[in-house]
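Topology and contacts: notes
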Amino acid sequence: MGDRLGRPSSGKRRLRDLLYKSDNRTCADCGAPDPKWASANIGVFICLKCCGVHRSLGTHVSKVLSVALDDWSDDEVEAMVEVGGNSSANSIYEAFIPEGITKPGPNSSHEERMKFIRSKYELQEFLKPSLRIAQASSGKSSLLSASSRKFMDNFLGSNSRKSEGMVEYIGLLKIKVQRGKNLAVRDMLSSDPYVVLALGPQTARTQVITSNLNPVWNEELMLSVPMDFGPIKVKVFDHDTFSADDIMGEAEIDIQPLITSAMAFGNAEMFADMQIGKWLKSHDNALIEDSIINIVEGKVKQAVQLKLQNVESGELDLEVEWLPLDQ
């Protein structure tokens, strides 16, 4: 991110100007001076020791970049600027630290940092009670701890949940399967593709489009979101009349960033159009580019572009919309 004369680009300059603000001259988590790292999706500057803890949480919680050494996308810089730095972020993530909990200092042990940082960002235990949102590990486990379940209960309230048997639902997702691009050939010269979405035991599927490697569905599918949710599993198949359908690739959609953002803002109809979150592209997901979460005309929507996995070619464009149960 620089020009041919070695001068920093405008993005790097904006990031450096933000870092030089007085409240960003110490680590957001332990107060150590001169932080040289940042969590791009959270919007805080951190020291090397706290950086190691952030990395251990995974990129679905904190995407760590070096201010000086790593390449930053324009969107990542913009996200940092929008947050405004450590003071703004801490006013949210440290708004309600209970008695008996001590913030680590520059000389604190790794264990002390780990406990505090995990509580602060992953479990979100220090948010205002009305903003506490349970975090579930992306693609690994959908079980919530007892304390996280309590936070979810406090946030949603009894009128925002509905139960079906032993399954408790917190909302709905409207997924618009828009189009496929450069899908794999599974017949002689083409394929007859359709898409299957799965969330836990629920499944929904599109219509079959015959003989088309660049199909346009623009078809809306609905899935209920249980409290103990995991990722949406996406699979594309080639329809065969006389044999089993052939798979044409698969991917997963991490819905935690969408649900976290939607619940943090509450009634989206009260806000103007704006960006409220982001699911960041990384080596361990199928995103083609960062997936932006926006409020659009009073609705929370997320554009998702996926590169299909375990297949020779293929991409899928979708739009995901969050629907609270009380809407």
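Provided above is the structure to which this section pertains.
Being a predicted model, the structure only gives us computed values, none of them experimental.

With that out of the way, let us pick up the pattern of salt bridges. Scanning all chains against the criterion turns up 13 salt bridges. Of the charged contacts in the structure, one is a salt bridge between Lys36 and Asp34, with a shortest N-O distance of 2.4 Å. By relative accessible area, which is 48% here, Lys36 ends up partly exposed. With a closest N to O distance of 3.1 Å, Asp317 and Lys181 form a salt bridge. Residue Asp317 is located in strand S14 (residues 315–324), and its partner Lys181 is located in strand S5 (residues 167–181); the two are separated by 136 residues in the primary sequence. A residue is classified by how much of its surface remains accessible, and Lys181, at 28% relative accessible area, is partly exposed. Overlapping salt bridges bring together Asp29, Glu94, Lys103 and Lys120 as one network.

This next bit is on the environment of Asp284. Counting through the fold element by element, Asp284 comes out in the loop between strand S11 (274–279) and strand S12 (291–296). Overall, Asp284 belongs to the exposed group, its relative accessible area being 54%. Spatially, the C-alpha atom of Asp284 lies 8.7 Å from that of Thr59, the residues being 225 residues apart in sequence. Among the polar contacts made by the side chain of Asp284, one reaches the side chain of Ser282 at a distance of 2.2 Å.

Take the packing of aromatic side chains next. Applying the stated criterion to the full structure yields four aromatic pairs. Seen from their ring centres, Phe116 and Phe126 are 5.2 Å apart, and the 35° between their planes marks the pair as tilted. Here Phe116 is found in helix H5 (residues 110–122), whereas its partner Phe126 is found in the loop between H5 and helix H6 (146–156), with 10 residues between them in sequence. Classification of Phe126 as buried rests on a relative accessible area of 2%. A cation over a ring is seen here: Arg205 above Tyr194, with NZ or CZ 3.9 Å from the ring centre.

Looking at where Asn267 falls in the secondary structure, it is placed in the loop between helix H7 (256–265) and S11. With a relative accessible area of 41%, Asn267 lands in the partly exposed category. For Asn267 and Gly298, which are 31 residues apart along the polypeptide, the C-alpha to C-alpha distance reads 8.1 Å. Only 3.1 Å separates the side chain of Asn267 from the backbone nitrogen of Glu269, close enough to count as a polar contact.

Two elements in contact, helix H2 (residues 48–57) and H5, have axes whose closest approach is 10 Å; the angle formed by their N-to-C orientations is 55°. The angle between H2 and H5 places the two elements in the oblique class. Between H2 and H5 the crossing geometry is right-handed. Side by side, H2 and H5 meet where Lys49, Cys50, Val53, His54, Ser56 and Leu57 of the first sit next to His110, Arg113, Met114, Ile117, Arg118, Tyr121 and Glu122 of the second.

What counts and what doesn't
- Residues numbered from 1 in each chain as written.
- Predicted model: local features only at pLDDT ≥ 70, side-chain atom pairs only at ≥ 80, totals over all residues.
- Heavy atoms only, no water.
- Salt bridge = Lys/Arg side-chain N within 4 Å of Asp/Glu carboxyl O.
- Buried < 20%, exposed > 50% of the residue type's maximum accessible area, 1.4 Å probe, protein only.
- Helix = DSSP H or I, 4+ residues; strand = E, 2+ residues; numbered from the N terminus.
- Polar contact = N/O pair within 3.5 Å; in protein donor to acceptor, adjacent residues only side chain to side chain.
- Phe/Tyr/Trp six-rings, centres within 6.5 Å; stacked < 30°, edge-to-face > 60°.
- Lys NZ or Arg CZ within 6 Å of the ring centre and 35° of its normal.
- Axes fitted to C-alpha atoms, helices over the stretch in contact; angles between N-to-C directions.
- Parallel < 35°, antiparallel > 145°, perpendicular 65-115°, else oblique.
- Left-handed = near helix turned anticlockwise from the far one by under 90°.
- Contact = heavy atoms within 4.5 Å.

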